[in-house]
Amino acid sequence: MGLFNDILNKLGFGKKAAPTPQPSENVTFAPDSPASDTAAQTDAPATETVDVVAQLEAMASSHPEPLNWKTSIVDLMKLLGLDSSVTARKALATELGCPADKMADSAQMNSWLHKTVLQKLADNGGNVPPEWL
């Protein structure tokens, strides 16, 4: 996912958490012991939860202009340092599957796009307040 991937990267998604220590190779566990379950769980790569609001507020505090990123997709994209032109927003909307009827009206597309971006951030492990979704 091109543009949405850029959003994820700007917010620090996909960074692996510190690895969980593995038991040494010469230690054996009984098949039903809790330690063997823990060892099996550490094989999956862990990712940290991203506090989306904290990240965006930190960016906003150092941004040269005030932005209404909580409700505006244009301002959210500006805050992230991304192209916020109508062409870029249409490309992002297409990438995220915006319905054709909303694509025909830029205000509806922008509203749908802002809500969808926040929802997809939450779906990817972002901590987004439920009232924003």
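The preceding data block contains the structure.
Residues numbered from 1 in each chain as written. Predicted model: local features only at pLDDT ≥ 70, side-chain atom pairs only at ≥ 80, totals over all residues. Heavy atoms only, no water.

Novice: What exactly am I supposed to notice about the side chain of S84 here?
Specialist: Position of S84 relative to the elements: it lies in the loop between α4 (73-79) and α5 (86-95). Judged by its relative accessible area of 15%, S84 falls in the buried class. If we ignore the near neighbours within four places in the chain, the residues touching S84 are V74, M77, K78 and R89. (Helix = DSSP H or I, 4+ residues; strand = E, 2+ residues; numbered from the N terminus. Buried < 20%, exposed > 50% of the residue type's maximum accessible area, 1.4 Å probe, protein only. Contact = heavy atoms within 4.5 Å.)

Novice: How should the nonpolar core be read in this particular structure?
Specialist: Soluble globular proteins tend to pack their nonpolar side chains together in the buried interior. The biggest cluster of nonpolar side chains holds 31 residues, and the ones touching the most others in it are I7, V117 and L121. In terms of residue count, the dominant contributor to this core is helix α7 (residues 106-123) (six residues). Once residues lying within four places of it in the same chain are set aside, the contact partners of I7 are L80, L82, L92, V117 and L121. (Core = buried A, V, L, I, M, F, W, Y, C linked by side-chain atoms within 4.5 Å.)

Novice: Where do I start with the environment of T49 in this structure?
Specialist: If you trace the backbone, T49 turns up in the loop between α2 (34-41) and α3 (52-61). Given the relative accessible area of 60%, T49 is considered exposed. Between the alpha carbons of T49 and F13 there is a distance of 8.0 Å; along the sequence they are 36 residues apart. Dropping the residues within four chain positions of it, T49 is found in contact with G125 and N127.

Novice: Help me out: how do you make sense of α7 in this one?
Specialist: The terminal C-alpha atoms of α7 lie 25 Å apart, and with 18 residues this matches the ideal 26 Å at 1.5 Å per residue to within 8%. Turning to α7, its buried residues number three or more, namely M109, N110, W112, L113, H114, T116, V117, L118 and L121. Looking at where α7 begins, the residue whose side-chain oxygen comes 3.0 Å from the main-chain nitrogen of A107 is D105. Positive backbone phi, at 100°, marks G125, one or two positions downstream of α7. (Expected span 1.5 Å × (residues − 1). Polar contact = N/O pair within 3.5 Å; in protein donor to acceptor, adjacent residues only side chain to side chain.)

Novice: Would you mind going over α3 with me for this structure?
Specialist: An α-helical turn contains 3.6 residues, so a residue and the one three or four places further along point in the same direction. Buried residues of α3: V52, V53 and L56, and no others. Down the axis of α3, the buried set is contained in an arc of 90°. They therefore lie on one face. For α3, the secondary structure elements touched by its buried residues are α4 and α7. (Arc of directions from axis to C-beta.)

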